[in-house]
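Listed here are the chains, written in short residue letters.
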Amino acid sequence: MIPVNEPLFCGNEKKYLMECIDSGWISSEGPFVCRFEEGFSSYVGCEQGVAVCNGTAALEVALAAVGLGEGDEVIMPSFTIISCALAALRLGAKPVLVDCEPDTWCMDASQVEDKITDKTKVVMPVHMYGHPVDMDPILRIAQDHDLKVVEDAAEVHGAEYKGRKCGSLGDAAAFSFYANKIITTGEGGMVVTSDEKAAEKARSYRNLCFQPGRRFYHTQLGYNFRMTNLQAAVGLAQLECIDKFVEIKRSNAVEYTKRLGKIPGLKTPMEKKWAKNVYWMYAIELEDELDVTAEEVMNRLKDEGIGTRPFFLGLHEQPALKGIGLFKGESYPVTERISHQGFYLPSGLKLTEEQLNKVCNALESVFD
């Protein structure tokens, strides 16, 4: 089976891990945590980094850091992972949805302003599958309405919007370092920001809101979302290779598009002129003209020993969210279409030329 993703460890991962073990510093107090925070935030273009245990936690910490709380609303795309909604709900806030663009699959900025109410506190653009959201309209709207912008940058390590790294564009951003991300710590995440007060709040929230001068005394509620020194050691080694990893992703995308772009009715990922797409996953969408479903194609590929994953199901169609009374009667046509007609192909950093050719040959055979 050709896996959808396989991480690449080709640097100092073992060396740094052995340093942790030899020194005994394996907890969140170890020195690699600070080194990874400083290195990654600097790479993104932010002044502060706050490492946490996973990407979902990073979203919650980032929202808490900018002041989202009970009764507030946060505008986000329906086409995203459920973690975005969960982060808002855990803080007592309400997720409010917009549709996505049909070409980039990213949040449709033109729909944001109509969803603003007197309860709106945050706009959360989600950079999708490696392609940046069109941020300028969102930033203008946020400025006009005094809103905070928290980027979900889980899938865009190294991606750029008009020459600036994704994650540096809003008030704060959340990254994921799950095993399928461009750089990984197995599980892990980070909040980045250039707002010192927001960073201070994020560090407190991830650490049970301990008081600086009086440990085990709490005036606010927080959580243990800390990253271990072991994870950070792997993350730092991965960060040293990030430019190489981004180049691999982009190179593989070029080869995929060269082959698959010739198949009628199969839509391949694009790159806007103002964007640098890092193609976190090579995602494709079946146009309506094709008399075949994404599920059927995925099953055919599975029979050929090729792993795939479906697109996200829209938040407004998630049974768990509908079950608590959210999004009643709401419809987002673009999200509904692509969530049922899109999937992504093997996109790991260890993908070989032979494997890529096998995937393309299998798809060409299916559509023949």
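The coordinates are above.
About the thresholds
- Residues numbered from 1 in each chain as written.
- Predicted model: local features only at pLDDT ≥ 70, side-chain atom pairs only at ≥ 80, totals over all residues.
- Heavy atoms only, no water.
- Phe/Tyr/Trp six-rings, centres within 6.5 Å; stacked < 30°, edge-to-face > 60°.
- Helix = DSSP H or I, 4+ residues; strand = E, 2+ residues; numbered from the N terminus.
- Buried < 20%, exposed > 50% of the residue type's maximum accessible area, 1.4 Å probe, protein only.
- Lys NZ or Arg CZ within 6 Å of the ring centre and 35° of its normal.
- Pairing = 2+ DSSP bridges.
- Contact = heavy atoms within 4.5 Å.
- Axes fitted to C-alpha atoms, helices over the stretch in contact; angles between N-to-C directions.
- Left-handed = near helix turned anticlockwise from the far one by under 90°.
- Nonpolar A, V, L, I, M, F, W, Y, C, P; charged D, E, K, R; others polar.
- Salt bridge = Lys/Arg side-chain N within 4 Å of Asp/Glu carboxyl O.
- Parallel < 35°, antiparallel > 145°, perpendicular 65-115°, else oblique.

(A) Seen up close, the packing of aromatic side chains. The full count for this structure, using the stated rule, is 22 aromatic pairs. On the numbers, 5.6 Å between centres and 50° between planes, the contact of F79 with F311 is tilted. Remark: F311 occurs in the loop between β13 (309–310) and α10 (319–322) and F79 occurs in the loop between β2 (73–77) and α4 (83–90); sequence separation between them is 232 residues. On the basis of relative accessibility, which here comes to 4%, the residue F311 falls in the buried class. When the ring of Y129 is compared with that of Y344, the centres are 5.5 Å apart and the planes differ by 65°; the resulting orientation is edge-to-face. Taken together, the residues span a long stretch of sequence, with Y129 in the loop between β4 (120–123) and α5 (135–144) and Y344 in strand β14 (residues 342–344) at a distance of 215 residues. Every member of this aromatic cluster is reached through a ring pair, and the members are F79, W105, Y129, W280, F311, F312 and Y344. In this structure, R35 is placed above the aromatic ring of Y16, and the distance from its NZ or CZ to the ring centre is 5.7 Å. The ring centre of F216 lies 5.4 Å from the NZ or CZ of R215, which sits over that ring.

(B) Here's a closer look at the sheet that holds strand β10 (residues 266–267). Pairing within the open sheet is antiparallel, and its 4 strands lie in the order β10-β12-β14-β13. Of all strands in the sheet, those bounded by a partner on one side alone are β10 and β13. With 3 bridges joining them, strand β12 (residues 283–286) and β14 adopt antiparallel strand pairing. Directly across from A283, in β14, lies its bridge partner Y344. In this fold helix α11 (residues 333–341) packs onto β12 and β14, with an angle of close to 105° to the strand it touches most, β12.

(C) Geometry of the packing of helix α2 (residues 31–44) against helix α7 (residues 229–239). Relative to each other, α2 and α7 sit at 35°, their axes nearing to 8 Å. Our pair here, α2 against α7, has a crossing hand that is left-handed. Across the interface between the two elements, P31, F32, V33, R35, F36, G39, F40 and Y43 of α2 pack against N229, A232, A233, G235, L236 and L239 of α7. Looking at the contact of α2 with α7, its residues break down into 10 nonpolar, 3 polar and 1 charged.

(D) Broad picture of the side chain of N252. Relative to the assigned elements, N252 resides in helix α8 (residues 242–260). What N252 contacts, discounting residues up to four positions off in sequence, is G348, L351 and L356.

(E) Up close: the pattern of salt bridges. The final tally for this structure, using the stated rule, is 11 salt bridges. Salt-bridge contacts for E60 lead to R90; the nearest nitrogen and oxygen are separated by 2.5 Å. One end of the pair, E60, is in helix α3 (residues 55–65); the other, R90, is in helix α4, with 30 residues separating them in the sequence. By relative accessible area, which is 45% here, R90 ends up partly exposed. Here the residues in one salt-bridge network are K267, E285 and R337, joined through shared partners.

(F) Inspection of unusual backbone geometry at higher detail. Located in the positive-phi region is D146, a residue other than glycine, with phi close to 55°. If you trace the backbone, D146 turns up in the loop between α5 and β5 (148–152). Phi angles above zero are rare outside glycine, and F216 is one such case at about 65°. On the secondary structure map, F216 appears in the loop between α6 (196–205) and α7.

(G) Structural detail: the packing of α3 against α6. Two numbers describe how α3 lies on α6: the axes approach to 8 Å, and their chain directions differ by 130°. Viewed along their axes, α3 and α6 adopt a mutual orientation that is oblique. Classified by chirality, the crossing of α6 by α3 is right-handed. Contact with α3, carried on its side by E60, V61, A64 and A65, involves A198, K201, A202 and Y205 of α6 and no other residues of that element.

Function cannot be inferred from these measures alone, as they are strictly geometric.
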